[in-house]
Amino acid sequence: MATSLSGSSSGPRAGRGQMWLIDAMVSGTFITLILFVMLGIQGQFTDKYVQQDSEVSFANSVLAASDALVLTPGRPANWDYVVISDSNLESFGLASSSNVISTAKALRLVAINATNYTAVKAALGLAASNVSIEIMLLGNVTPLYSFGTKSSNTSRSTVFERLAVMDDNRPVLVRLEVG
Amino acid sequence: MTGTTARRGFIFTLDALLAMGLALAVIGLLVPFSDTTSLPGHDELHVQRYTADLLMVLQRTGDVRRGLSGNTSALNASLSLTSAGKCFSFRALNMTTSETVFAVNKTGCSTVPATLASAVSNEYYNGQTYRLELLGWVS
């Protein structure tokens, strides 16, 4: 009787303990799973955010370079009449005034393609990328002036097209491709 | 029996609190990343600059002055030469009366969306100042 009583009292206790253990294991597993899923989601969002942020940052650099090209004369402003080196070309621009492209600067741009490609890229703030600049009459596909090299991987290139006039008032498209 | 029900209710309350805590933690983690879509994209940046450039070009080439004199064909032609996929709507207003003197849309761009780029400028012509407005968007 005593044994039976003892057995009957320890049985439910053991069962309750087992139930608590299973409960704890199940909830522990679920919490771990949820944590892993959360970490995974956070990782995906972080990757997406970092990628988008870097794409926007790169697009902003190209945009700033296109601004410099069509809105400023560069520094020194008379770079088209002096010998250019990596050290003396502080910024690069083709304009004689806002949205007016200087023919003298466009001609000089073509002339320095072989010798000062790296200096021009650096002055545009795009030293690490391939840079191509093309100036064509509006509605025309053949460039009047071209400079630089296009990236072999066109899918990773960023293109900014800007409008301006030459100093004889012909409307032109200035196409900056960076990749 | 009443004690067991009360305990079970207590355990369920704890479960609910834990679940709510986890749900709030997930929401808290995701909210800071939800505004990534509001960053200006390449197309938006591009069309903003392109619109400002185009208005400047239309003024410098004399297309706006020709439009103010009654001949809008040059302005129409210039708009049609702009990059494919970009739409523009031009309007010239009399600064004194605020009336629209003339308006030109790029061919095939009649529906103006809510989000767009805009550029404004003034043109002095024949003793009168005109306000020029150019709206641009990606079609």
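Above this text you will find the structure in question.
Anyway, here's the lowdown on the structure attached to this text. Quantities reported herein were computed from a predicted structural model and do not represent experimental measurements.

This part covers the pairing of strand S5 (residues 131-137) of chain A. The two faces of the sheet receive side chains in turn, since in a regular strand these alternate between them. Residues and elements named next belong to chain A. In terms of burial, S5 is a largely internal element, six of the seven residues being buried. Both S5 and strand S8 (residues 171-178) contribute to a ladder of seven bridges, which runs antiparallel. Residue Leu137 lies in a different strand from S8, and its bridge partner there is Val172. Pairing between S5 and strand S6 (residues 145-148): four bridges, direction antiparallel.

In this section: the nonpolar core. Membership of the largest hydrophobic core comes to 33 residues, with the highest contact counts inside it found for Leu69, Phe92, Leu94, Ile101, Leu124, Ile133 and Ile135 of chain A. At the level of secondary structure, the elements contributing two or more residues to this core comprise helix H1 (2-71), helix H2 (103-111), helix H3 (117-123), S5, S6, strand S7 (158-166) and S8 of chain A. With five residues, the top contributor of residues to this core is H1 of chain A. When near neighbours in sequence (up to four residues on either side) are disregarded, Ile101 of chain A contacts Leu69, Val70, Leu94, Ala95, Ala106, Ile135, Ala164, Val165, Met166, Asp167, Val172 and Val174 of chain A. One finds Leu163 of chain A together with Leu58, Ala92 and Ala119 of chain B within the second-largest nonpolar core, a separate group that totals 25 residues.

With that out of the way, let us pick up the sheet that holds strand S4 (residues 100-101) of chain A. Residues and elements named next belong to chain A. The strand order S3-S4-S7-S8-S5-S6 describes an open sheet built from six strands, whose pairing is mixed. Of all the strands in the sheet, just strand S3 (95-97) and S6 have a single pairing partner and so form its edges. Relative to S8, S7 is paired through eight bridges, and the arrangement is antiparallel. Within S8, the residue paired with Ala164 across the bridge is Val172. Contacting S3, S4, S5, S6 and S7, H2 runs over the sheet at an angle of about 45° to S6.

If you trace the backbone, Ser83 of chain B turns up in the loop between helix H4 (73-80) and strand S1 (86-94). Engagement of the side chain of Ser83 of chain B in a polar contact is seen with the side chain of Tyr50 of chain B, the distance being 3.0 Å. Once residues within four sequence positions are removed from consideration, Ser83 of chain B is found in contact with Glu161 and Leu173 of chain A together with Tyr50 and Lys106 of chain B.

Bringing the state of the cysteines into the picture now. All names here are of chain B. Taken as a whole and judged by the stated rule, the model has one disulfide over all chains. Paired by a disulfide, Cys87 and Cys109 hold their sulfur atoms 2.1 Å apart. Across the disulfide from Cys87 to Cys109, rotation about the S-S bond amounts to roughly -70°, and the bridge is consequently left-handed. Of this pair, Cys87 sits in strand S1 while Cys109 sits in the loop between strand S2 (100-105) and strand S3 (117-125), placing them 22 residues apart in sequence. Residue classification places Cys87 among the buried residues on the basis of a relative accessible area of 4%.

Calculation rules
Residues numbered from 1 in each chain as written. Chains lettered and ligands numbered in written order. Predicted model: local features only at pLDDT ≥ 70, side-chain atom pairs only at ≥ 80, totals over all residues. Heavy atoms only, no water. Buried < 20%, exposed > 50% of the residue type's maximum accessible area, 1.4 Å probe, protein only. Helix = DSSP H or I, 4+ residues; strand = E, 2+ residues; numbered from the N terminus. Pairing = 2+ DSSP bridges. Core = buried A, V, L, I, M, F, W, Y, C linked by side-chain atoms within 4.5 Å. Contact = heavy atoms within 4.5 Å. Axes fitted to C-alpha atoms, helices over the stretch in contact; angles between N-to-C directions. Polar contact = N/O pair within 3.5 Å; in protein donor to acceptor, adjacent residues only side chain to side chain. Disulfide = S-S within 2.5 Å.

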